[in-house]
Structure formats: structure tokens, C-alpha cells
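# Analysis of the macromolecular model
Here is what each chain is made of, one letter per residue.
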Number of protein chains: 2
Amino acid sequence: MVTKQYTGSPDEADLTRADSLAREIFSDVANKWALLIIESLGEHTLRFSELRNEIEGISHKMLTQNLRMLERNGLVERTVHPTVPPRVEYTLTEPGQGLRETVDGMCGWTRRYLGHIEASRHHFDA
Amino acid sequence: MVTKQYTGSPDEADLTRADSLAREIFSDVANKWALLIIESLGEHTLRFSELRNEIEGISHKMLTQNLRMLERNGLVERTVHPTVPPRVEYTLTEPGQGLRETVDGMCGWTRRYLGHIEASRHHFDA
DNA sequence: CGGCATCCGTAGCGATACTG
DNA sequence: CAGTATCGCTACGGATGCCG
């Protein structure tokens, strides 16, 4: 899928367009911060500041940037409560939930192979 | 999991260490090039140059760098055939295969929501 | 509180070239 | 063919400050 090159055949124009779009989406989504945000949101809906506290080490800027990107792709929904001070909440949409399931898989995988990987690292670094 | 902060409680020292390690692994793995390599390898074993051709747009440098990283974490195995010219092949290890399954999930997800996402983008950009 | 703009350092990444 | 090293440049990402 995401890895095929454009061979130049005119018949493949649509497939190629779909592929490059897929690749674009993949590049958007396959980054540390985006995935951590998806994972943190999970079932619940969180405020900006709550996300900031939940995700260790993320900066104000990266959080907004990635939230915008996720919103643009329709993975999170942003609702602004017109109070003062403002209250902005984020939730996963249905597509976002779908992605979250696969991210859950990655987290599970990480836990399962923690020890294995740590050992491999030590071996490699020697 | 990967998102919890260190609360300072001494009882949680081990959990915290495990978490930060998990986070480290997650950061290694949750990047575009690493995931594309994992996905490209899939079932088969590929040579360096084959990977380079398979993955559109990856540079020589990024490929070696990520392959080293994946090897270090024990996700890919690197076998050198002492021929001339040299022939170096890469395969997914068992943990690597495990990760690949979740990446497959992400790719499937991308395909499923391609149209939805494209629409959302157009709506957002207006 | 949350968002946007600005400034600025660092490191990510590509291009090139040299070895076994 | 594959790997390592070096040199740049860009763009990512953090810090700060000002608005609604």
C-alpha cells in the first residue's frame, strides 16, 4: 500500500493518487505526539490543559499543532464552551476511535516485549 | 501507560522506570520511516537496495539509521552474506512480526477512512 | 484558559564522497 | 552493494509574549 512507487502507467493514475493520499495521512498520523494524543483521549473527552498534563513532555505548541492536524483530518472533535475563562474540550470521533484501537495494539505490544527489547539493546550496545 | 507522569511516590519507582522505557521504545517505533520499513518487510526478507526501492522517498541515510535502530531493539535481523559484491538481508524477528500486525491495522484503517478524511480536510480548509 | 505569532537553537535529513 | 563520515540547510520544536 503506502510504499508503492509511481510507475508512470496512466491506468494507475487513480490508484497512485489514492496511494499518495494514504501516504500523506500515514505520515500525519505515524508520529509520536499524534499517537500519544489519540491514546490519551481514549474513551473520555479531555480539556487542552488536561491533555497537557496527561502527556509527559509535550509542549504547548506541539499539542496545539497536533490537535489542529487531527481535527483537520477529522479524528478529533473540538468543542469550545463560550465561558470565561474559555473551556475547550477534545474527543475522538468515530474514525479516531478506529485508529485508537490500533494504537492500543501498539501499546500492548510495547508492554509485551519490554523485557525482550531491553535485553536486545544491551546486547547490541556491547 | 505511556502517558503517566512520575508522582514521586517511592513505591512506583519500578513502574515509572518501566513506563519511561516503554515511552522510549514507543518514541523509537512511532515514526514514519520505522513503521514503513516494518510494513515493507512484512513476511519476506529484503535486501537493503530492495527496501530502498520499495519505500518511496526514503534516503540512503534514513534507511540505514532506522534499520540500525530496529536492529538494536531486536525487531529486525540483519544477515550479511560475505560475497562480492556484499549482500545484506533484513527480516522481521518475532517481536517485529508482532509489531507488524498492529501496523497492518493502521494501514487497513487508513484505507477504510481515506474518503472520510479527505472530505474532512476539504471541509476544514474552507 | 487556550490560541497564535515570533524568535532562535538544535537535530533531522538530504547530498556527496570515500572505504571494504 | 552496503556502510560510514562530513557538510550544509531546513524545519522542527521549545520558550516567550500578547490577545480573545
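Sequence order as written defines the numbering, with residues in each chain counted from 1. Following the order in which they are written, the chains are lettered starting with A and the ligands numbered starting with 1. A pLDDT threshold of at least 70 governs which residues receive local features in this predicted model, and a stricter bar of 80 or more applies before side-chain atom pairs are shown or counted, although totals over entire chains, interfaces and linings include all residues. Remark: hydrogens and water are excluded; side-chain values derive from all non-hydrogen atoms of the structure.

### Considerations on the protein's contact with DNA strand D
We call a residue near a given molecule or strand whenever any one of its heavy atoms falls within 4 Å of it. What surrounds DNA strand D is a group of 15 residues, the closest being A:Ser59, A:Lys61, A:Met62, B:Ser49 and B:Tyr90. The sugar and phosphate moieties of DNA strand D supply 63% of its atoms located within 4 Å of the protein. Polar contacts, as used here, are pairs of N or O atoms within 3.5 Å; protein pairs need one atom able to donate a hydrogen and one able to accept it. Residues neighboring in sequence count only if both atoms are side-chain atoms. One nitrogen or oxygen atom from the side chain of A:Ser59 is found 2.6 Å from a phosphate oxygen belonging to DNA strand D. One nitrogen or oxygen atom from the side chain of B:Ser49 is found 2.7 Å from a phosphate oxygen belonging to DNA strand D. Only DSSP runs of H or I reaching four residues or more are called helices, and only runs of E reaching two or more are called strands; each is numbered from the N terminus. Every element with two or more residues in the surface near DNA strand D is listed here: α4 (60-72) of chain A together with α3 (48-54), α4 (60-72) and β3 (87-92) of chain B. Here the surface near DNA strand D takes 3 residues from α4(B), the largest share from any one element. Each residue gets one label: Ala, Val, Leu, Ile, Met, Phe, Trp, Tyr, Cys and Pro are nonpolar, Asp, Glu, Lys and Arg are charged, and the others, such as Gly, are polar. Partitioned by chemical class, the residues of the surface near DNA strand D number 7 nonpolar, 4 polar and 4 charged.

### Some remarks on the packing of helix α2 (residues 32-41) of chain B against helix α5 (residues 94-124) of chain B
All names here are of chain B. Between α2 and α5, the least distance of the axes is 9 Å, while the angle of their chain directions is 105 degrees. As summarised for this structure, α2 and α5 are arranged roughly perpendicular, according to the angle between their axes. Here Leu35, Ile38 and Glu39 of α2 come into contact with α5, specifically with Gly96, Leu99, Arg100, Val103, Asp104, Met106 and Cys107. All axes are obtained by fitting lines to C-alpha atoms, using only the stretch in contact for helices, and the reported angles, taken between N-to-C directions, cover 0 to 180 degrees. Each angle gets one of four labels, with under 35 degrees taken as roughly parallel, over 145 as roughly antiparallel, 65 to 115 as roughly perpendicular, and the rest as oblique. When checking whether two residues touch, look at their non-hydrogen atoms; a contact exists if any pair is within 4.5 Å.

### Remarks on the interface of chain A and chain B
Taken together, the 55 residues of chain A in the interface contact 54 residues of chain B. What counts as buried area is the accessible surface, traced by a 1.4 Å probe, that two parts surrender upon association, with contributions from both included. Carbon and sulfur atoms supply 63% of the area that chain A and chain B bury against each other, a total of about 5,300 Å² over both sides. Contact with chain B buries area across many residues of chain A, yet A:Arg72, A:Trp109 and A:Arg121 alone supply 15% of it, more than any other trio. Just to be clear on terms, a salt bridge is a Lys or Arg side-chain nitrogen sitting within 4 Å of an Asp or Glu carboxyl oxygen. The tally of links between chain A and chain B comes to 6 salt bridges. The salt bridge partner of B:Arg121 is A:Asp28, with a shortest N-O separation of 3.3 Å. Here chain A and chain B share 22 residue pairs in polar contact (both at pLDDT 80 or more) between them. Counting residues per element, the ones that place at least two in the side of chain A that touches chain B are α1 (13-29), α2 (32-41), α3 (48-54), α4 and α5 (94-124) of chain A. The element that contributes the greatest number of residues to the side of chain A that touches chain B is α5(A), accounting for 20 residues.

### Notes on the environment of A:Asp125
Among the structural elements, A:Asp125 can be located in the segment after α5. Exposure classes here rest on a 1.4 Å probe applied to the protein chains alone. A residue is buried below 20% of its type maximum, exposed above 50%, and partly exposed in between. On the basis of relative accessible area, A:Asp125 is assigned to the exposed category, the value being 52%. Separated by 24 residues in the primary sequence, A:Asp125 and A:Glu101 place their C-alpha atoms 34 Å from one another. Here the side chain of A:Asp125 touches B:Arg72 through a polar contact of 2.5 Å, side chain to side chain.

### Some points on unusual backbone geometry
Put simply, A:Val84 and A:Pro85 share a cis peptide bond, and its omega is 5 degrees. The residue A:Pro85 is located in the loop between β2 (76-81) and β3 (87-92) in this model.

### Details of the relation of the copies chain A and chain B
Copy-to-copy superposition: least squares on the C-alpha atoms, limited to residues that have pLDDT of at least 70 in both copies. Mapping chain A onto chain B calls for a rotation angle of 180 degrees and an axial translation of 0.0 Å; the resulting RMSD is 0.0 Å. Here the symmetry operator amounts to a two-fold rotation axis. Relative to the rotation axis, the C-alpha of A:Asn31 is the closest in chain A, positioned 2.4 Å from it. Same-surface contact between copies: 98% of interface residues of chain A are shared with the interface of chain B.

### Quick look at the protein's contact with DNA strand C
By nearness alone, 17 residues border DNA strand C, and A:Ser49, A:Arg68, A:Tyr90, B:Ser59 and B:Lys61 come closest of all. Atoms of DNA strand C within 4 Å of the protein belong to the sugar or the phosphate in 67% of instances, the rest to bases. A distance of 3.2 Å is found between a sugar or linking oxygen of DNA strand C and a side-chain nitrogen or oxygen belonging to A:Arg47. Between B:Lys61 and DNA strand C, the recorded distance is 2.6 Å, taken from a side-chain N or O atom to a base oxygen. For the surface near DNA strand C, the secondary structure elements donating two or more residues are α3, α4 and β3 of chain A together with α4 of chain B. The biggest single contributor to the surface near DNA strand C is α4(A), with 4 residues. When grouped by side-chain class, the residues that make up the surface near DNA strand C number 7 nonpolar, 5 polar and 5 charged.

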